[in-house]
Amino acid sequence: MQDASGGKKISINDLVIKAAALALRKVPACNSSWMNDFIRQYHNVNINVAVQTEHGLFVPVVRDADKKGLATIADEVKQLASRAKDNSLKPEDYEGGTFTVSNLGGPFGIKQFCAIVNPPQSAILAIGSAEKRVIPGAAEGQYEIGSFMSATLSCDHRVIDGAMGAEWLKAFKGYLEDPTTMLL
């Protein structure tokens, strides 16, 4: 992955953002908001990324994340997180998101949690920490070590019901389990 991104370091969070964006493109009904008397489906996939700072929680936005490469997403997230920590975000840095990713796994070691949807968005993805587990190997009696992380999708059921949420999670899981599909 690092070679494919031009030698730039790609984090798990960058992969999560890209996979979430591509899953929204694949299941566009999840890229929507409740607008009191109608549902607005967005054409752009703009991912808010939760960033905790000493000034509080900020959710800067990576615009058109589905169309950007992993290296570009990584650079943008680093720049936005730095501006959030410096308390120098402008409204255009955090307005207009269509979906939010909150990762408490990497920075805080939280195994699993449920995040609260940020209105008017209809969904938020909560990412927990990765852990190693023993899994069956290729042959009888063989075992391997696999990495697993929790991903919990909270939805506004006026827009995204359980079946549609499951369809989105299936697409998201597919991208993360085979990251090369995010490069194509």
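These numbers come from a predicted model, not from an experiment.

So, about the side chain of D156. Here D156 shows up in the loop between β9 (143–155) and α5 (162–177). Here R158 takes part through its side chain, which lies 2.7 Å from a polar atom of the side chain of D156. Other than its neighbours up to four places away in sequence, D156 contacts W34, V117 and S122.

To continue, consider the environment of F38. Inspection of the secondary structure puts F38 in the loop between β1 (32–34) and β2 (39–41). With a relative accessible area of 38%, F38 lands in the partly exposed category. Between the alpha carbons of F38 and L57 there is a distance of 30 Å; along the sequence they are 19 residues apart.

Turning our eyes to something else, we now look at the nonpolar core. Counting 40 residues, the largest nonpolar core has I47, F99, L125, W168 and F172 as its most contacted members. Of all elements in the fold, only α1 (12–26), β3 (47–49), α2 (70–85), β7 (99–103), β8 (123–136) and α5 reach the threshold of two or more residues within this core. Considering every element that reaches this core, the biggest residue donor is α1, with nine residues. When neighbours within four sequence positions are excluded, W168 is seen to be in contact with A20, A23, L24, V27, C30, F99, L125 and L153.

According to UniProt, the feature "domain: 2-oxoacid dehydrogenase acyltransferase catalytic" (unreviewed entry) maps to residues 7–184 in the numbering used here. Along residues 7–184, the helical share is 31% and the strand share 28%, with 18 Å between the first and last C-alpha atoms.

Attention shifts here to α1. Note on helix geometry: an α-helix contains 3.6 residues per turn, so any two residues three or four positions apart are oriented the same way. Between its first and last C-alpha, α1 extends 21 Å over 15 residues, near the 21 Å set by a 1.5 Å rise per residue. Of all 15 residues in α1, 12 are buried; the element is thus mostly enclosed. Capping of α1 at its N-terminal end is provided by S11; its side-chain oxygen lies 3.3 Å from the backbone amide nitrogen of N13.

Turning our eyes to something else, we now look at the state of the cysteines. Inspection of the entire model under this criterion finds zero disulfides. Looking at C114, it has no disulfide partner, and the nearest cysteine sulfur is the one in C155, 11 Å off. By relative accessible area, C114 is classed as exposed at 60%.

Looking now at the packing of aromatic side chains. Under the defined criterion, the tally for this structure stands at two aromatic pairs. A ring pair is formed by F99 and W168, whose centres lie 5.1 Å apart and whose planes are at 35°; its orientation type is tilted. With F99 in strand β7 and W168 in helix α5, the pair connects residues that are 69 residues apart, well separated along the chain. The two residues F99 and W168 agree in class, both being buried. Between W168 and F172 the ring centres are 5.2 Å apart and the planes differ by 10°, which places this aromatic pair in the stacked class. Placement of the pair is W168 and F172 together in helix α5, with a separation of four residues, close to one helical turn.

Before going further, it helps to examine the layout of surface pockets. A water-sized probe, rolled over the atoms, reveals where empty space remains. Here the largest pocket defines a volume of roughly 1,200 Å³. Together, 46 residues line the largest pocket, and I12, N13, N103, I127 and M149 are the ones closest to its centre. Mapped onto the lining of the largest pocket, the elements with two or more residues apiece are α1, β4 (51–53), α2, β7, α4 (105–108), β8, β9 and α5. A class-by-class count of the residues in the lining of the largest pocket yields 27 nonpolar, 13 polar and six charged.

What counts, and at which threshold
- Residues numbered from 1 in each chain as written.
- Predicted model: local features only at pLDDT ≥ 70, side-chain atom pairs only at ≥ 80, totals over all residues.
- Heavy atoms only, no water.
- Helix = DSSP H or I, 4+ residues; strand = E, 2+ residues; numbered from the N terminus.
- Polar contact = N/O pair within 3.5 Å; in protein donor to acceptor, adjacent residues only side chain to side chain.
- Contact = heavy atoms within 4.5 Å.
- Buried < 20%, exposed > 50% of the residue type's maximum accessible area, 1.4 Å probe, protein only.
- Core = buried A, V, L, I, M, F, W, Y, C linked by side-chain atoms within 4.5 Å.
- UniProt positions renumbered as here; feature names shortened; annotations may be inferred.
- Expected span 1.5 Å × (residues − 1).
- Disulfide = S-S within 2.5 Å.
- Phe/Tyr/Trp six-rings, centres within 6.5 Å; stacked < 30°, edge-to-face > 60°.
- 1 Å grid on protein atoms, 1.4 Å probe; cavity = no way out; pocket = protein on both sides within 12 Å on 5 of 7 lines; lining within 4 Å.
- Points joined across faces, edges and corners; volume = space filled by probe spheres on them.
- Nonpolar A, V, L, I, M, F, W, Y, C, P; charged D, E, K, R; others polar.

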